[in-house]
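Secondary and tertiary structure notes
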Amino acid sequence: QVQLVESGGGLVQAGDSLRLLCTDSARTFSLYAVGWFRQAPGKEREFVAAINWNNQHTYYADSVKGRFTISGDKDKNTRSLQMNNLKPEDTAVYYCAASNSLDYALEKEGRYDYWGQGTQVTVSS
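So, here's what we can say about the structure. (Residues numbered from 1 in each chain as written. Predicted model: local features only at pLDDT ≥ 70, side-chain atom pairs only at ≥ 80, totals over all residues. Heavy atoms only, no water.)

**What to know about the overall build of the protein chain**
Along the backbone of the protein chain there are 0 helices and 11 strands. Traced from its N-terminal end to its C-terminal end, the protein chain shows the element sequence β-β-β-β-β-β-β-β-β-β-β. A compact globule built from 125 residues would reach a C-alpha radius of gyration of about 14 Å, and the protein chain, at 13 Å, matches this within 12%. Along the three orthogonal principal directions, the C-alpha set of the protein chain runs to about 40 × 25 × 25 Å. Buried positions account for 42% of the 125 residues belonging to the protein chain. Of the contacts made within the protein chain by residues no fewer than 6 positions apart, 59% connect residues no fewer than 24 positions apart. About 6600 Å² of surface is accessible on the protein chain, with carbon and sulfur atoms providing 46% of the total. (Helix = DSSP H or I, 4+ residues; strand = E, 2+ residues; numbered from the N terminus. Rg over C-alpha atoms; globule rule 2.2 N^0.38 Å. Buried < 20%, exposed > 50% of the residue type's maximum accessible area, 1.4 Å probe, protein only. Contact = heavy atoms within 4.5 Å. Areas by Shrake-Rupley, 256 points an atom, 1.4 Å probe, with all protein chains shown as cover.)

Shown next as structure tokens:
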């Protein structure tokens, strides 16, 4: 089973940037579609961004389009979420998820087979 680990979270000011990293020790991670989700206190987990298995297609929630960029490095077995111009409403625990099935409906939580433990992102005013 894939063991996902997120890193790169922290406390920043509004307008700052962070880069989140999702990693797995298995080489087959490069064949998985990866999604980023986030959950704020008292809120349901929501879709943020996704990238298909070969890094040719990306998907974004409307709330982060133009600010966040998801990318992958198959050689390093990593997927990243570059977050620019962060806003207080971006404050949440960010989760990396992976799926080894077909490229469809990547904005849905149920699409994913494996989940990381999350990394906290806090954006102050």
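**Overview of the pattern of salt bridges**
Oppositely charged side chains are able to pair whenever their charged atoms sit close together. Under the criterion given, the structure shown has 5 salt bridges. A salt bridge links Glu-46 to Arg-38; the nearest nitrogen and oxygen atoms lie 2.8 Å apart. Since its relative accessible area comes to 5%, Arg-38 is described here as buried. Where Asp-62 meets Lys-65, a salt bridge forms, and the shortest distance between an N and an O atom there is 3.2 Å. Judged by its relative accessible area of 67%, Asp-62 is exposed. The network of salt bridges with common partners includes Arg-38, Glu-46, Arg-67 and Asp-90. (Salt bridge = Lys/Arg side-chain N within 4 Å of Asp/Glu carboxyl O.)

**Remarks on the side chain of Arg-79**
Looking at the element boundaries, Arg-79 is found in strand 8 (residues 78-83). In this structure, Arg-79 is buried with no salt-bridge partner, the nearest side chain bearing the opposite charge being Asp-73 at 8.4 Å. (Lys, Arg positive; Asp, Glu negative; His and termini not counted.)

**Focus: the nonpolar core**
Trp-36, Leu-81, Met-83 and Tyr-94 are the most contacted members of the largest nonpolar core, which has 34 residues in total. Residue assignment for this core shows that the elements contributing at least two residues are strand 3 (18-23), strand 4 (33-39), strand 5 (46-51), strand 7 (68-73), strand 8, strand 9 (92-99) and strand 11 (119-124). Excluding residues within four positions of it along the chain, Met-83 makes contact with Asp-16, Ser-17, Leu-18, Leu-20, Arg-67, Phe-68, Tyr-94 and Val-121. (Core = buried A, V, L, I, M, F, W, Y, C linked by side-chain atoms within 4.5 Å.)

**What to know about the pairing of strand 3**
Residues Leu-18, Leu-20 and Cys-22 point to one face of strand 3 and are all buried, whereas Arg-19, Leu-21 and Thr-23, pointing to the other face, are not buried. Bridge analysis of strand 1 (residues 5-7) against strand 3 gives 3 bridges, and the strand direction is antiparallel. Of the residues in strand 3, the one forming a bridge with Ser-7 is Leu-21. The sheet contact formed by strand 3 and strand 8 spans 6 bridges and is antiparallel. (Pairing = 2+ DSSP bridges.)

**Notes on the environment of Arg-19**
By secondary structure assignment, the location of Arg-19 is in strand 3. For Arg-19, a relative accessible area of 43% puts it in the partly exposed group. Excluding its chain neighbours within four sequence positions, the residues that come into contact with Arg-19 are Ser-7, Gly-8, Ser-71, Ser-80, Leu-81 and Gln-82.

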